[in-house]
Amino acid sequence: MPGTIIVGLDGSLESLAAADWAAREAALRGLAVKLVHVWQPVPARMAQAPLLGAETHQHWTERIPRETAEGLRLRHPDVEVSIEQLTGSRIDALVEAAGDAELLVLGSRALSGLGGFLVGSIGQSVVARTGTAVVLVRAGERAVDEHVRDSAGLPSAATAFRPVVLGLDADSPDETVLDFAFEEAGCRQAPLTVVHGWDLSPYAVYTMGAGFETHEEFARAEATVLTEALRPWRRKYPDVEVTEVSRPGSASNLLVDASHDASLVVVGRRRRRNPLGLHIGSVAHAVMHHAAAPVAVVAHD
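Source: prediction; values computed, not measured. Within each chain, residue numbers correspond to sequence positions counted from 1 in written order. Totals for whole chains, interfaces and linings use all residues, but because this is a predicted model, local features are given only for residues with pLDDT of at least 70 and pairs of side-chain atoms are given and counted only at 80 or more. Heavy atoms from the whole structure form the basis of all side-chain values; hydrogens and water molecules are not counted.

Peer 1: It is not clear to me how the pairing of strand β11 (residues 295–300) should be interpreted in this structure. Could you clarify?
Peer 2: Remark: a regular strand shows side chains that alternate across the two faces of the sheet. Note on exposure labels: buried denotes an accessible area under 20% of the residue type's maximum, exposed denotes more than 50%, and partly exposed covers the range between, all computed with a 1.4 Å probe on protein chains only. Secondary structure elements are defined from DSSP: runs of H or I of at least 4 residues count as helices, runs of E of at least 2 residues count as strands, and each element is numbered from the N terminus. With six of six residues buried, β11 lies mostly within the body of the structure. Side chains of β11 alternate between two faces, with Val295, Val297 and Ala299 and Ala296, Val298 and His300 buried alike. Note on pairing: DSSP must find at least two bridges between two strands before they are called paired. Both strand β6 (residues 134–138) and β11 contribute to a ladder of three bridges, which runs antiparallel. The residue bridging valine 135 from the neighbouring strand is alanine 296, located in β11.

Listed below in structure tokens is the structure:
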């Protein structure tokens, strides 16, 4: 039995884009796709209305995953596609469904005029609670968006993949996040761009003003930290071409900029057992809402 990619499906444009992305990913990785639709029964008062009754509501909720699955099977005949209908809390159902999966894929909606994407409260809660890697796909995402343009400058899904971009804390690199990013680049035969953002220390800023070359020395030191962090993974994945980007500035801003030329952006999310609630992390949160490419959030300890 192949591993499974779970898709949270509700019939919205963003969830349909997520289903298509999941099928393409499944074809690359030899996995199956399961469309999970969480059905919430209508309240008793609404069930009495002839146009909004329980039978009508159930008909439409069953039709959404059935027609989506049929479309995926036509477009991706080599991918096994199944359906699971669940009831209850969407958050609880998706977290439980993702428990044994290779990947969970959810949709995100574009924010008109704001240059970002909206990951709703359900999506954020699922990302914060599950230990499974979650990929967020924007509405309208197409296969051609993840590939370089052809020789005539036209969009094409037959060309090479754009790079996979990884945001890495080089001071404490996590092997789960690194393995995920290298595997994604490898299955796409795409280069991997590793982005490390750093801030100058107050001392460095002070001595720069005095004419010392502390900035250059600090930059070289940070670049060396990144190179050393990646050395074991370069040996483990010799076929993956790696570009190291170590620059001053906000890691989230650097990743959002890099996302415009990426097929996938990968960020880590530390599991936090905080009694005050679940947290995603500032970098992952910013990238989830503003990246121009699909975003994979990988949980780690």
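Peer 1: I tried to follow the nonpolar core on my own but got confused; where do I start?
Peer 2: Burial of nonpolar side chains together is a common tendency in soluble globular proteins. Definition of nonpolar core: a set of buried residues of the types Ala, Val, Leu, Ile, Met, Phe, Trp, Tyr and Cys, connected through side-chain atoms within 4.5 Å. Core analysis: the largest hydrophobic core is formed by 44 residues, its most contacted members being Leu35, Val105, Leu166, Phe182, Leu192 and Val266. Per-element accounting of this core gives the leading share, seven residues, to helix α1 (residues 13–29). For valine 105, the residues in contact, after removing those within four places along its chain, are Ile5, Ile6, Val7, Gly8, Ala18, Trp21, Ala22, Val135 and Val137. One finds Val38, Leu94, Ala128 and Val287 within the second-largest nonpolar core, a separate group that totals 33 residues. Throughout, a residue-residue contact means that at least one pair of heavy atoms, one from each residue, lies within 4.5 Å.

Peer 1: It is not clear to me how the pairing of strand β10 (residues 264–270) should be interpreted in this structure. Could you clarify?
Peer 2: For β10, a buried count of five out of seven residues is recorded, marking the element as mostly surrounded by other parts of the structure. Bridge count for strand β7 (residues 164–167) against β10 is three bridges, and the pairing is parallel. Following the sheet pairing, valine 165 is matched in β10 by valine 265. As paired elements, β10 and β11 share six bridges and run parallel to each other. Paired with arginine 270 across the two strands is histidine 300, which belongs to β11.

Peer 1: Would you mind showing me how to read the packing of helix α9 (residues 251–259) against helix α10 (residues 282–290) here?
Peer 2: If you want to describe how two helices pack, look at the angle between their axes and the distance between the axes. Think of each axis as a best-fit line through the C-alpha atoms, taken over the contacting stretch in the case of a helix, with angles from 0 to 180 degrees between the N-to-C directions. Close contact between α9 and α10 brings their axes to 9 Å; oriented N to C, the two are set at 30 degrees. The angle between the axes of α9 and α10 places the two elements in the roughly parallel class. Crossing of α9 over α10 shows right-handed handedness. Between α9, through Ala251, Ser252, Leu255 and Val256, and α10, the contact on the second element is made entirely by Val283, Ala286, Val287 and His290. Note on terminology: angles under 35 degrees are roughly parallel, angles over 145 are roughly antiparallel, angles of 65 to 115 are roughly perpendicular, and the others are oblique. Put simply, a crossing is left-handed when the front helix is turned counterclockwise from the back one by less than a right angle, and right-handed when it is turned clockwise.

Peer 1: How do you make sense of helix α6 (residues 175–188) when you look at a structure like this?
Peer 2: Note that an α-helix has 3.6 residues per turn; residues three or four places apart therefore point the same way. For a helix, the expected span equals 1.5 Å multiplied by the number of residues minus one. Taking 1.5 Å as the rise per residue, α6 with 14 residues should run 20 Å; its terminal C-alpha atoms sit 20 Å apart, in good agreement. Here α6 has its buried residues at Val177, Leu178, Phe180, Ala181, Phe182, Glu184, Ala185 and Arg188. Its side-chain oxygen 2.8 Å from the backbone nitrogen of threonine 176, aspartate 174 forms the N-cap of α6. Pairing of N or O atoms within 3.5 Å defines a polar contact, subject to two protein rules: one partner must be a possible hydrogen donor and the other a possible acceptor, and residues neighboring in sequence count only if both atoms are side-chain atoms.

Remember, this is a structural readout, not a statement about activity or role.
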